[in-house]
Amino acid sequence: VNANLINQALAATYDSGMTHITLTAPDNEVYLGSNPIEAANVGSNAFKVELIPSSPGVVKFTGTDVNRATITFLNAQMQISNSRFVEGTEQWNTLFIVNTDITAGVDIVAESGQLKLKLFAPDLVINRLENRSSIPASDKFIKKFVDLALKYVLPVLLNQTIDISMPDIASDGYRFG
């Protein structure tokens, strides 16, 4: 499997909205797709971290190990929210929005018509910070808060395998054009 094929699959996955990743706490659930997660379903005093890429990720193979690669998302948006009780219902309150470039190591295996991606700890470059909370916080404080959120979120995210279905072009009935 070459990088071009994987990047085409990532583009299709991005177009479908499935690269929008939401993690919630304290339930430690991971959601793929842009469907809204209701705060009432997570509970009070909950947090939500959303990763919303602005474009498909790009895979590049590194070194001599054909399974080892990096995946990069440029200008991804990370939103950190907490739940709060407003007018009789739990609602999400966006605290911070972070624009970031993300590069992570990834192991890629093609198996049973799927690409299986296993991510490793990412490197983040923060391009822009936006404080939406009512707390007057410095950029330094927001960066520390983002680091704290990532320390909580990363073990959950890195414990996941992302499966991308691939069509079997060798099967009967698959038509081109």
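Residues numbered from 1 in each chain as written. Predicted model: local features only at pLDDT ≥ 70, side-chain atom pairs only at ≥ 80, totals over all residues. Heavy atoms only, no water.

Colleague: Which parts of the structure should I look at to understand empty space enclosed by the protein?
Modeller: A probe matching the size of a water molecule, rolled over the atoms, marks out where space remains unfilled. Within this structure, the stated rule accounts for 1 cavity of 30 Å³ or more. Counted as a void, the largest cavity has a volume near 400 Å³. Lining the largest cavity are 27 residues, with Ile-21, Leu-51, Phe-73, Leu-119 and Leu-157 positioned closest to its centre. Those elements that provide at least two residues to the lining of the largest cavity are helix H1 (3-15), strand S1 (21-25), strand S3 (47-52), strand S5 (68-86), strand S6 (89-111), strand S7 (114-131), helix H3 (139-158) and strand S8 (161-165). Here the lining of the largest cavity is composed, by residue class, of 24 nonpolar, 2 polar and 1 charged. (1 Å grid on protein atoms, 1.4 Å probe; cavity = no way out; pocket = protein on both sides within 12 Å on 5 of 7 lines; lining within 4 Å. Points joined across faces, edges and corners; volume = space filled by probe spheres on them. Helix = DSSP H or I, 4+ residues; strand = E, 2+ residues; numbered from the N terminus. Nonpolar A, V, L, I, M, F, W, Y, C, P; charged D, E, K, R; others polar.)

Colleague: Even after reading the chapter, I still don't get the pairing of S7, so can you show me in this structure?
Modeller: Along a regular strand, successive side chains alternate from one face of the sheet to the other. Looking at chain direction, S6 and S7 are connected through 15 bridges and run antiparallel. By the bridge assignment for S7, Thr-100 is matched with Ile-126. Turn length for the S6-S7 hairpin, with the two strands adjacent in sequence and antiparallel, is 2 residues, and the turn residue Ser-112 shows positive phi of about 50°. As judged from the 5 bridges shared by S7 and S8, these two strands associate in the antiparallel manner. What sits directly across from Leu-117, in S8, is Ile-162. (Pairing = 2+ DSSP bridges.)

Colleague: What exactly am I supposed to notice about the nonpolar core here?
Modeller: The tendency in soluble globular proteins is for nonpolar side chains to be buried as a group. If you look at the biggest cluster of nonpolar residues, it comprises 33 residues, and the most contacted ones within it are Val-59, Ile-71, Met-78, Val-106, Ile-108, Leu-115 and Val-146. Elements with a minimum of two residues in this core: H1, S1, S3, S5, S6, S7 and H3. With near-sequence residues (within four places) excluded, Val-59 lies in contact with Ala-3, Ile-6, Asn-7, Leu-10, Ala-69, Thr-70, Ile-71 and Ile-108. (Core = buried A, V, L, I, M, F, W, Y, C linked by side-chain atoms within 4.5 Å. Buried < 20%, exposed > 50% of the residue type's maximum accessible area, 1.4 Å probe, protein only. Contact = heavy atoms within 4.5 Å.)

Colleague: When you look at the environment of Phe-47 in this model, what are you seeing that I'm missing?
Modeller: For Phe-47, the location among the structural elements is in strand S3. Between the C-alpha atom of Phe-47 and that of Asp-27, which follows or precedes it by 20 residues, the distance is 9.4 Å. When neighbours within four sequence positions are excluded, Phe-47 is seen to be in contact with Leu-23, Thr-24, Ala-25, Ser-81, Asn-82, Trp-92, Leu-95 and Phe-145.

Colleague: Can you help me understand unusual backbone geometry in this one?
Modeller: Note on backbone geometry: most residues besides glycine have negative phi, and most peptide bonds are trans. A cis amide bond links Ala-25 with the next residue in sequence, Pro-26, at an omega value of 20°. With respect to the helices and strands, the residue Pro-26 is situated in the loop between S1 and strand S2 (29-32). Although it is not a glycine, Asn-75 sits at a positive phi angle of roughly 55°. Here Asn-75 is to be found in strand S5. Asn-75 gets classed as partly exposed once you look at its relative accessible area, which sits at 43%. Phi is positive for Glu-87, close to 50°, though the residue is something other than glycine. For Glu-87, the position within the fold is in the loop between S5 and S6.

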